[in-house]
Amino acid sequence: MTDSKYFTTTKKGEIFELKAELNSDKKEKKKEAVKKVIASMTVGKDVSALFPDVVNCMQTDNLELKKLVYLYLMNYAKSQPDMAIMAVNTFVKDCEDPNPLIRALAVRTMGCIRVDKITEYLCEPLRKCLKDEDPYVRKTAAVCVAKLHDINAQLVEDQGFLDTLKDLISDSNPMVVANAVAALSEIAESHPSSNLLDLNPQSINKLLTALNECTEWGQIFILDCLANYTPKDDREAQSICERVTPRLSHANSAVVLSAVKVLMKFMEMLSKDLDYYGTLLKKLAPPLVTLLSAEPELQYVALRNINLIVQKRPEILKHEMKVFFVKYNDPIYVKLEKLDIMIRLASQANIAQVLAELKEYATEVDVDFVRKAVRAIGRCAIKVEQSAERCVSTLLDLIQTKVNYVVQEAIVVIKDIFRKYPNKYESVIATLCENLDSLDEPEARAAMIWIVGEYAERIDNADELLESFLEGFHDESTQVQLQLLTAIVKLFLKKPTETQELVQQVLSLATQDSDNPDLRDRGYIYWRLLSTDPVAAKEVVLAEKPLISEETDLIEPTLLDELICYIGTLASVYHKPPSAFVEGGRGVVHKSLPPRTASNESTESPETAPAGAPSGEQPDVIPTQGDLLGDLLNLDLGPPVSGPPLATSSVQMGAVDLLGGGLDSLIGGPNFVAPPAAAVPANLGATMGSGLSDLFDLTSGVGTLSGSYVAPKAVWLPAMKAKGLEISGTFTRQVGSISMDLQLTNKALQVMTDFAIQFNRNSFGLAPAAPLQVHAPLSPNQTVEISLPLNTVGSVMKMEPLNNLQVAVKNNIDVFYFSTLYPLHILFVEDGKMDRQMFLATWKDIPNENEAQFQIRDCPLNAEAVSSRLQSSNIFTVAKRNVEGQDMLYQSLKLTNGIWVLAELRIQPGNPSFTEYSVHD
């Protein structure tokens, strides 16, 4: 008979009977009695009264009976701490038992009894067990240290158990190593500041050796530990990847996901040019595909992780589209996740296959799934431009089915397609209007109203259509009411004579007859705009709308990087960092991917410019770097602390010519002849050519004879890379003060507040001299101009190129990064005119290697005009002479960091080309 008989009894007076049986002389009877006690305890009966009698049964050689008594002790020791101490002597004695199973059982149980009075007695037996000759006892003791640390962390540190635990990482038995790693990882998670897992190449090698021999859960502990290690270079990262790759073929899906996590993390450090990188991508696909053949619950977990992987590296699964096609018997949660991944993998190469599949799904019986499938067709159109026409055609076919919910979803996605491709597919509006009467869902009605209002000039009876919605205005949802109000105002601005009565009616309904504050506010704003300044109303209401992007549903890059570090955990299923769902701070560590290698950075960053794009066209958003700007969410927004002037030697300039090709821009000649390679570093001509502005106003800048040249504002941070915030700007120097003139435009749909700015260390110590002051919240489609004063007392670090400035801007939405090149002439100080004698002596003393020669062409100015124009930007003419018909200008300038630059400019009257020699000290 099985042990189930112990759970069926409901006798009265049972406790008294059990007490008698526990004190019986017969071993079998004792064991039966303990089993009955455990059964009663399991079903929720209180058998704590039997505590002394059960403890007396500990003195036995029978392993099964000892296990049962220990189980009872673990459950009731907390409620009977004084009685539990009676068992301590037996524990200590059992820790020296010849049988390793009993030794391990004793130390495990002592670790599970969370009673402070017992923990002090645990230390000596635990110390012995950590150095036990049997690996089974050692591995059990390793876990016990983590449990004891949870009860009394100070005791564990004082007793030196942590050092013993670190020594166990070098143990000869792989399971002991795995448990030691697991224990140290758990302790480290509860104390993030402690450097317990001090991983180095030697200890990593030991872990990788143990990885091949320990159990599957031991492998998971070791792989998770490896994922927290940052290799010193790409060679070490590749070596670790090669030794972890065999785990991808493991039968346990948890081992596979842990291995994928390690590989995804270390791939950041590998160059895409390596053959091994391509091999690794190919090896990652099959195990991920295999996970999808498991039961639905495991499939879902795998799909949620694959969703993250595809967003980070779509190339891994780009050829595996078919495995994500939905099966008829898939649960709805698996179907929806597969659908999402299909869209992420959609490309020009497979779009025909994907559309055929999605069209099939749109005829299914599951309404929720059909809706998602129709939306997916719209997302395909937005993502793959070449497929847009085919997608629109497919959506029209679905509208012809006249299935109500299909028609409504199709109209919602067609509205987005109109936003993405304006003036391209408006021919389908007539078909959409035919289905107006069948729309009953708020989102679909709002989408249709938006289409009618946006394209009112193309729809003859637009006023009649909108008036039909107006009849039941107060019965509509807020979403529809707001859209209807805006659409009728748009219609009025396009056809004012025909719709005056209609606009008055909707404004009255929205303001006087409505109790919704959002609707009332919008109504009043429109009313005042229309009554005071119709031109301004037109500019506001009919403003050009930003194009929508298929990337709107992607996870934000820094969060995605963090979630990649949590593959195989609950965070990867929720798609939220642990801090979002773990209560309290304990155990939550913010993780990030290792910094990209230099060879890989330009190719992997999603924000970088496409190959072949001109380097000076638009600055790229800088990817997050460990050394970039520290914790940007906690920016120090106070004014920078003033410091002593920077020494001349703070930036080692070597033979770099600071004017370089920049003088070409200063003079105004567009054609710059690069100097010989030996004269100036190769990258400097390009840097200075783009970094210095056209001081002679031959381009579109704002230059005057009396003041320093100001370049026109350029877009530094496009809206699509900063969640709707567009930043344009330029740099100026006026009366000795440097400023960054910014133009902030909100192209998002939400208000922006709490602006702040910070610079990375740079070549000349440029830093904000005051906080970024945006005095009022920045509303959607609003632009604000700000002049940010700068100084040069910030931290100095030589940049490449020299005038590169990395900037972080924070608002209530996120932190955004960009880089730009500042013109060097903003650093030319007003006291840069050198004494003639000093000029001559300095020129003679400067070595030849600090000299460079440049040719400046197509500048139709004479020597006087050149001298005057350069002086407005603090480049001073020290002396002038005429040699053999050539005008020779000798000039000096001084940078904010005290470095002097001397120049000789040769001008041939009537010849638009100059020769310029420049040297610096």
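Identification of the chain as AP complex subunit beta from Canis lupus familiaris is taken from an unreviewed UniProt entry. Here the chain is described in UniProt, under the heading Subcellular location (unreviewed entry), as follows: "Endomembrane system". According to its UniProt record, the chain has this under Sequence similarities (unreviewed entry): "Belongs to the adaptor complexes large subunit family."

Chemist: Just to check I follow, could you spell out the overall build of the chain for this structure?
Modeler: Helix and strand counts for the chain come out as 37 helices and 16 strands. When each of the 921 residues of the chain is scored for burial, the buried share is 51%. Residue pairs in contact within the chain that sit at least 24 positions apart in sequence constitute 67% of those at least 6 positions apart. Total accessible area on the chain stands at roughly 42300 Å², and carbon and sulfur atoms take up 51% of it.

Chemist: I tried to follow the pairing of strand E11 (residues 815-821) on my own but got confused; where do I start?
Modeler: Successive side chains on a regular strand alternate, one facing one side of the sheet and the next facing the other. Of all 7 residues in E11, 6 are buried; the element is thus mostly enclosed. Pairing analysis gives 7 bridges linking strand E10 (residues 804-810) to E11, with the strands arranged antiparallel. Looking at the pairing, Gln 806 lines up with Ser 819 of E11. Counting the residues that bridge the hairpin from E10 to E11 gives 4 residues.

Chemist: Teacher, can you tell me more about the sheet that holds strand E5 (residues 725-734) here?
Modeler: With antiparallel pairing, the 5 strands of this open sheet are ordered in space as E4-E5-E6-E9-E8. What marks the edges here is a single partner per strand, and that holds for strand E4 (714-717) and strand E8 (767-768). As defined by bridge partners, strand E6 (residues 737-746) adjoins strand E9 (residues 783-791) across 8 bridges and the pair is classed as antiparallel. Its bridge partner lying in E9, Thr 745 is registered against Thr 783.

Chemist: Looking at this structure, how should I read the confidence of the model for the chain?
Modeler: Do not read the fine detail of predicted coordinates wherever pLDDT is low. Of the residues in the chain, 83% reach a pLDDT of 70 or more, and the chain-wide mean stands at 78. Within the model, the stretch residues 598-706 combines pLDDT values under 50 with 242 contacts to residues more than four positions away or in other chains.

Chemist: Whenever I open this one, the sheet that holds E10 confuses me. Can you help?
Modeler: The 3 strands lie next to each other as E7-E10-E11, forming an open sheet whose pairing is antiparallel. Whereas interior strands pair on both sides, the edge strands pair on one side only; in this sheet they are strand E7 (756-759) and E11. On average, adjacent strands in this sheet sit at an angle of 25° to one another, irrespective of strand direction. Two strands pair when backbone bridges link them, and E7 and E10 are joined in this way by 4 bridges, in the antiparallel orientation. Opposite Phe 759, over in E10, you have Val 807 as the bridge partner.

Chemist: Explanation requested: the pairing of strand E14 (residues 886-894) in the structure shown.
Modeler: Most of E14 is tucked away: 8 of the 9 residues are buried. Between the end of strand E13 (residues 876-883) and the start of E14, which pair antiparallel, lie 2 residues, with Glu 884 showing a positive phi angle near 50°. Here E14 hands over to strand E15 (residues 900-907) after 5 residues, with Gly 898 in that stretch at a positive phi of 90°.

What counts and how
Residues numbered from 1 in each chain as written. Predicted model: local features only at pLDDT ≥ 70, side-chain atom pairs only at ≥ 80, totals over all residues. Heavy atoms only, no water. UniProt positions renumbered as here; feature names shortened; annotations may be inferred. Helix = DSSP H or I, 4+ residues; strand = E, 2+ residues; numbered from the N terminus. Buried < 20%, exposed > 50% of the residue type's maximum accessible area, 1.4 Å probe, protein only. Contact = heavy atoms within 4.5 Å. Areas by Shrake-Rupley, 256 points an atom, 1.4 Å probe, with all protein chains shown as cover. Pairing = 2+ DSSP bridges. pLDDT = per-residue confidence, 0-100. Axes fitted to C-alpha atoms, helices over the stretch in contact; angles between N-to-C directions.

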